[in-house]
Amino acid sequence: MEEQCIRMEQVCYTVGGRVILSDFDMELERGVNRTILGVSGSGKTTILKLILGLIHPQSGRISINGMEITNRPESAYREQRKKIAIVFQGGALFDSMTVGENVGYRLFEEGRLSQAEIEEIVREKLRFVGVEPALDLYPAELSGGMKKRVAIARALAADPEYIFFDEPTTGLDPIGVYNIVSLMNRLQEAGKTTLMVTHDLPTAFATSQRFSLIHESRLAFEGTEAELRDCPLANVQEFLQPTDKSLFV
Amino acid sequence: MIRLSAIDQQLLQFFARFQAFFFLAWQAFVRIFHKPYYYRDFAIQFDKLGFSSLFICVLTGLFTGMVMALQALIQLKPFAATSYVGGMVAVTMIKELGPVLAALMVAGRVGSAITAELGTMVVTEQVDAMRVEGTDIIQRLVTPRLKAMLLALPLLTIITDAISMLGGYLIASGYSISPVMYLSTFTQFMVPLDYLEGVTKPLVFAFLITMISCQTGLNTGGGAEGVGAAAKRAVVLSSVLVLMCDFFIAKIFVVFR
């Protein structure tokens, strides 16, 4: 039976001699939503890009549902990427396309469905995230929160098993944050598995069951919210409740 | 662990970039014949790269043809050979200046635009988003631009050549040279191989400009400042390579003449 998880084992990644990840291990099981925590620049987004094959580790092993994907050619990744969608930090909507074309992009590329079927799916996804009236607008005409919601609709369009979120609430007002959190919870109710990277603790606790914390290129903690709060490690507590000692570190 | 000196590292980086350039160029060329063809993207790029450069190419051709004729007539007049001005303008423009000037105009105007557009897509993670959505980014972003440029630049060069001939005639007519006399000297100065040279050059230049611009754009880093620097680098490199390649292509045609 096919393994139902994304697994990273002993993954090392360096850029220009700087170690970003060292012997990093993580498992994302189907149905268990996880958040990767860590300070800015700690390598959280790198983890998402490694799993998606956008960058390649120097050593270690990454597998999706039991299929190893480490250091394979770009063409080999395309099949695996169908199982995953990502909501980038800035939305990464295609400037030259309308909201509708952005959301239906993968479906148009696959070419399996008719124009009418794609339009129906696009409308349904935009309705789900509450921006259907923006169908014919261009990304430049949208607010930050709307861009993120359109990016979520695009991620949903191809019905992936896993959805990654890269700092989904950064730069949003409280209502925008509430909308995103509520959308993520609805996605989980719909059976999607989410992996989020953030340093926004309230959002993380509102949407995830398990947490990983990166500190100095390594996995410093892995566990539930209760275990995280009770963790005796100084660097974990420093992250949860920064003190004057954290100034300019 | 082997420690490389700074010069070795620079050399390694240079060869790595060189290798990456040829790899991208080969991949983009092969994909011209593979599905999906992205006709819409091709049409958009042809409009952006071709039609939008038409006006500057017409202006460049007109004034270059006029100045070529003017200078030639001054030199030919003491020898009573002003009737040869048509042939002189034709040989200079069709073989050399037409292809080079059109390519330099397009490199400055379109090459920088390609780099800036792709560079912005890279820094805003749009290229990563496309890859995640299962798109072959060479097929989607590079090949339509290459196809459009391979069609547009030769056409622009032919137009530049034609307009420069017209500009040359406007000046020559002031020296009592008839249209028939102006055109008849073309065949005295030009052989069929020269026309082939005039079309081969823009094809090579189109390939170079597009691939350098795309390669530089897709390897952009460092935000808005990085995009600006990449656009500048692409234009300088394209322009220098156009001039260098012009010599080597001319040399090859001289051998076969």
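Only a predicted model underlies this, so the values are computations on that prediction, with no experimental measurement involved.

Peer 1: Is there a simple way to explain the overall build of chain A in this structure?
Peer 2: In terms of regular secondary structure, chain A is built from ten helices and ten strands. On C-alpha atoms alone, chain A measures out to a radius of gyration of 18 Å, which is about the 18 Å that the 2.2 N^0.38 rule sets for 249 residues. With the C-alpha coordinates aligned to their principal axes, the bounding extent of chain A is approximately 55 × 40 × 35 Å. Sorting the 249 residues of chain A into buried and exposed places 41% on the buried side. Within chain A, contacts between residues at least 6 apart in sequence are counted, and of these 64% link residues at least 24 apart.

Peer 1: It is not clear to me how the environment of A:Val197 should be interpreted in this structure. Could you clarify?
Peer 2: All names here are of chain A. On the secondary structure map, Val197 appears in strand E8 (residues 193-198). Separated by 75 residues in sequence, Val197 and Val122 have C-alpha atoms that sit 26 Å apart. Once residues lying within four places of it in the same chain are set aside, the contact partners of Val197 are Ile36, Lys44, Thr45, Ile47, Leu48, Asp166 and Glu167.

Peer 1: I would appreciate a short explanation of the interface of chain B and chain A in the present structure.
Peer 2: Frequently, the measure chosen for interface size is the accessible area that the parts lose on association. Between chain B and chain A, the residue contacts involve ten residues of the former and 14 residues of the latter. Grouping the amino acids of the side of chain B that touches chain A by side-chain chemistry returns two nonpolar, four polar and four charged.

Peer 1: Is there a simple way to explain helix H6 (residues 144-157) of chain A in this structure?
Peer 2: The α-helix advances 3.6 residues per turn, and as a result positions three or four apart in sequence lie on the same side. Residue and element names in this part refer to chain A. Counted at 1.5 Å a residue, the expected span for H6 with its 14 residues is 20 Å, and the 20 Å between its end C-alpha atoms agrees. In terms of burial, H6 is a largely internal element, twelve of the 14 residues being buried. Taken together, the buried positions of H6 are Met146, Lys147, Lys148, Arg149, Val150, Ala151, Ile152, Ala153, Arg154, Ala155, Leu156 and Ala157. On its buried face, H6 is in contact with strand E6 (84-87), helix H3 (99-103), helix H4 (105-110), helix H5 (115-129), strand E7 (162-166) and helix H7 (174-189). Downstream of H6 by a residue or two, Asp159 has a phi angle that is positive, lying close to 55 degrees.

Peer 1: Help me out: how do you make sense of the sheet that holds E6(A) in this one?
Peer 2: Through backbone hydrogen bonds, the strands of a sheet pair up, either in parallel or in antiparallel fashion. Residue and element names in this part refer to chain A. As summarised here, the arrangement of the six strands in space is E6-E7-E8-E3-E9-E10, forming an open sheet in which the pairing is mixed. The sheet is open, and its two borders are formed by E6 and strand E10 (218-223), each paired with just one other strand. Taken over all neighbouring pairs, the strand axes of this sheet differ in orientation by 15 degrees on average, direction set aside. Of the pairings in the sheet, the one linking E7 to E8 comprises five bridges and is parallel in character. When the sheet's bridge partners are listed, Ile163 is paired in E8 with Thr194.

Peer 1: I would appreciate a short explanation of the confidence of the model for chain B in the present structure.
Peer 2: For residues with low pLDDT, the predicted coordinates do not support detailed interpretation. All names here are of chain B. For chain B, the mean per-residue pLDDT works out to 92, and 98% of the residues sit at or above 70. Ranking the elements of chain B by mean pLDDT puts helix H7 (residues 186-189) last with 87 and helix H5 (residues 137-172) first with 96. Overall fold confidence for the complex sits at a pTM of 0.87, while the interface term, ipTM, reaches 0.89.

Peer 1: Any chance you could explain the environment of B:Val191 here in plain terms?
Peer 2: Residues and elements named next belong to chain B. Looking at the secondary structure, you find Val191 in the loop between H7 and helix H8 (192-218). By the C-beta count within 10 Å, which is 11 here, Val191 ends up exposed. Separated by 15 residues in sequence, Val191 and Ser176 place their C-alpha atoms 26 Å apart.

Peer 1: What exactly am I supposed to notice about the environment of A:Ser217 here?
Peer 2: Residues and elements named next belong to chain A. Its location among the elements puts Ser217 in the loop between strand E9 (210-215) and E10. For the pair Ser217 and Asp23, spaced 194 residues apart in the sequence, the C-alpha separation amounts to 8.4 Å. Apart from residues no more than four positions distant in its own chain, Ser217 is found in contact with Val19, Ile20, Leu21, Ser22 and Gly43.

The rules behind the values
- Residues numbered from 1 in each chain as written.
- Chains lettered and ligands numbered in written order.
- Predicted model: local features only at pLDDT ≥ 70, side-chain atom pairs only at ≥ 80, totals over all residues.
- Helix = DSSP H or I, 4+ residues; strand = E, 2+ residues; numbered from the N terminus.
- Rg over C-alpha atoms; globule rule 2.2 N^0.38 Å.
- Buried ≥ 20, exposed ≤ 12 C-beta atoms within 10 Å, placed from the backbone.
- Contact = placed C-beta atoms within 7 Å.
- Nonpolar A, V, L, I, M, F, W, Y, C, P; charged D, E, K, R; others polar.
- Expected span 1.5 Å × (residues − 1).
- Pairing = 2+ DSSP bridges.
- Axes fitted to C-alpha atoms, helices over the stretch in contact; angles between N-to-C directions.
- pLDDT = per-residue confidence, 0-100.

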